[in-house]
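Chains, contacts and geometry: an overview
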Amino acid sequence: MSGSVGGPPIQESYRLRRDAELRLGEDGSLTLRQTRFQVTLEQPGMGRRALLLRLAADWVNDVEVGRLISGLEGENRVLPAQLLLRRLLAHSWLERRVQVDDRPLLDLVPTGLGRGSLPESRPHTTGVRYRLSRFAALQHERGMLVAASPLSTLVVGCADAALGAVLAAAAPGVGPESVARTLGVPPEVAGRVLDELTTARILVTDAEFEAECDDAPLAYWSPEELRLHHRSRAGRHALPVGGTYRMRGSFAPQTLRRPYDGGRAVDLPLPDLATIAKADPAFSQVVTDRRSVREHDDAAPLPLERLAEFLHRSQHTSAVGEAGGQEIGHRPYPGGGGVYELEIYPLVARCAGLDPGLYHYDAVGHRLEPVAGWGPAADRLLAYARAAGALPRPPQTVLVVTARVQRLMWKYEGMSYAMILKDAGVLTQQMYLVATAMGLAPCALGAGDSQAFAELSGLDPLVEPSVADFLLGSHRATGPAAAESRP
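Here goes a summary of the coordinates provided.

Here is what the cut-offs are and how they apply
- As a convention, each chain's residues are numbered from 1 in the sequence order in which they are written.
- The predicted origin of the model limits local features to residues at a pLDDT of at least 70 and limits the giving and counting of side-chain atom pairs to 80 or more, whereas totals for whole chains, interfaces and linings rest on all residues.
- Calculated side-chain values reflect all of the structure's heavy atoms, with hydrogen atoms and water omitted.
- What makes two strands pair is DSSP finding at least two bridges between them.
- Under the scheme used here, helices are H or I runs from DSSP no shorter than 4 residues and strands are E runs no shorter than 2 residues, and both carry numbers assigned from the N terminus.
- Any pair of residues with heavy atoms lying within 4.5 Å of one another is described as a contacting pair.
- All axes are obtained by fitting lines to C-alpha atoms, using only the stretch in contact for helices, and the reported angles, taken between N-to-C directions, cover 0 to 180 degrees.
- What is meant by a nonpolar core is a set of buried Ala, Val, Leu, Ile, Met, Phe, Trp, Tyr and Cys residues, joined one to another through side-chain atoms within 4.5 Å.
- Between buried and exposed lies partly exposed: a residue is buried under 20% and exposed over 50% of the maximum accessible area for its type, with that area taken using a 1.4 Å probe on protein chains only.
- Polar contact criterion, stated in full: a pair of N or O atoms within 3.5 Å, where within protein one must be able to donate a hydrogen and the other to accept it, and residues adjacent in sequence count only if both atoms are side-chain atoms.

What follows covers the sheet that holds strand S5 (residues 60-61). The antiparallel open sheet is built from seven strands, whose spatial order is S5-S1-S6-S7-S11-S10-S9. The open sheet terminates on both sides in strands that have one partner only, identified here as S5 and strand S9 (137-141). Two strands pair when backbone bridges link them, and strand S1 (residues 10-16) and strand S6 (residues 94-100) are joined in this way by seven bridges, in the antiparallel orientation. Bridge pairing in S6 places arginine 15 opposite glutamate 95. Relative to S6, helix H3 (residues 78-90) is tilted by about 105 degrees, and along the sheet it contacts S1 and S6. Here helix H4 (residues 162-169) sits on the sheet and contacts strand S7 (103-110), S9, strand S10 (144-148) and strand S11 (154-157); the angle it forms with S7, its principal contact strand, is near 65 degrees.

What follows is the structure, given as structure tokens:
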């Protein structure tokens, strides 16, 4: 407990972090567990046992700790209990609450675990104004506004709603005086609030904010990309990452083969892989020759048979069994956990033997399923693809790659979207190699028109968003070279 003489005391309370649990062993031991971390106290004693049980149930301050321990074991056992409390704090097993009298102001929630997982203290400087960090994100959680930054391992919960007004005012900049007025607290309390917000990197100085915007390396990062990177990698946080099967028991897993409810599908000819293997160039030559080809031979559009061979060699899928209660399969390229959430939708502008329109490639049945005829959304999608690929004329085919996100997110937690992008990159390389071996004209795009695809396909972008785009057409047999290496 601290505070100025005669003023309201600033108090700290503690509780076990809410993503951890306390387990009682049959041998009398106590174990703290949080996903892949655990700490066991083999003989905690009556006082420390009572302290841990209280911390698991509610907020506890230092005064209450002293009363609890002295009432059970005597005053001489208060210090060992306080040392345990400090160790738990230092290793991020506890959340902290800062309050004035009975008024909670903010909660400090650690995201990491273990020694060294807390950020270094960054007390505010008198006379300096502080701004909301470019990387700070505000969201609703636990019934309150929560502020977090991927640059810190502390999350700040606005236990008092007025703290949200402080954060809003901090967009242009705040000092201790304005914080004190907004919260209605004395200057020393406002200073403490600033200390906690700067330590959590929610608020930064003007100079730090300018560095976030203009100086390397932070200027290169967008807040969205840094948050995605931070969340999908273990180390700086203790959130679950990996195959936790978090949706098992809540939803049934999606099947490996995407269901089709449309009309008559176009059965595709099966390629003779044995004959193809004899005629294909050596793999090393294919890798060497791989290029992005940005011009198609409009005099001889891609035939349906060649498109069928390309799709089969790139994406053909066979079921291999189950893992964790989920159907898994095999494709010509590796995919996370054998889940294979990616689907290919050819937008066909010119293909000999196939009407223009959007199709879905059934990679299990090796057939094209009609999705939509040509329309304004198809024009927009094609125009965007042409511009993104810097093609002199519209491409013959745009292969839109989607992700059945629920299929992957049923198993994986924290890293699902990052894994989707990795899988899309692997599929892109597979399509490049197949197209090169077949003598076709491939070109991957950095982005595509997701809204135009959603309109054309009728797919909910929260259920099956487009995540990659790939141009394919026939290669010009003569004329100036139209190939260039991708970086």
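This part covers the nonpolar core. With 42 residues, the main nonpolar core has Phe310, Leu342, Leu368 and Leu472 as its most contacted residues. When contributions to this core are tallied by element, the ones reaching two or more residues are helix H11 (304-315), strand S18 (342-348), strand S19 (357-362), strand S21 (397-403), helix H13 (405-409), helix H14 (416-438), strand S23 (440-445) and strand S24 (466-474). No other element matches H14, which puts nine residues into this core. In this structure phenylalanine 310 touches Leu399, Met431, Val434, Ala435, Met438, Leu440, Phe470 and Leu472, once residues within four positions along its chain are discounted. Residues Cys158, Val166, Val185 and Ala190 belong to the second largest nonpolar core, which totals 31 residues.

By the secondary structure assignment, aspartate 107 is in strand S7. The buried category is assigned to aspartate 107, whose relative accessible area is 3%. In this structure the side chain of aspartate 107 is engaged in a polar contact, spanning 2.7 Å, whose partner is the side chain of arginine 97. Excluding residues that lie within four positions of it along the chain, aspartate 107 makes contacts with Trp59, Arg96, Arg97, Met144, Val155, Val156, Gly157 and Ala159.

This next bit is on the pairing of strand S17 (residues 326-330). Sheet analysis places strand S16 (residues 318-323) next to S17, joined by five bridges and oriented antiparallel. For alanine 323, the partnering residue across the bridge sits in S17 and is glutamine 326. Between the antiparallel neighbours S16 and S17 lie two residues, among them glycine 324 with a positive phi of about 65 degrees.

Attention now moves to unusual backbone geometry. Of note, the amide linkage connecting alanine 216 to proline 217 takes the cis form, showing an omega dihedral of 5 degrees. Positionally, proline 217 belongs in the loop between helix H7 (206-214) and helix H8 (223-232). A positive phi angle, near 45 degrees, is found at threonine 35, a position not held by glycine. For threonine 35, the location among the structural elements is in the loop between strand S3 (30-34) and strand S4 (37-41). You can call threonine 35 partly exposed: its relative accessible area is 41%.

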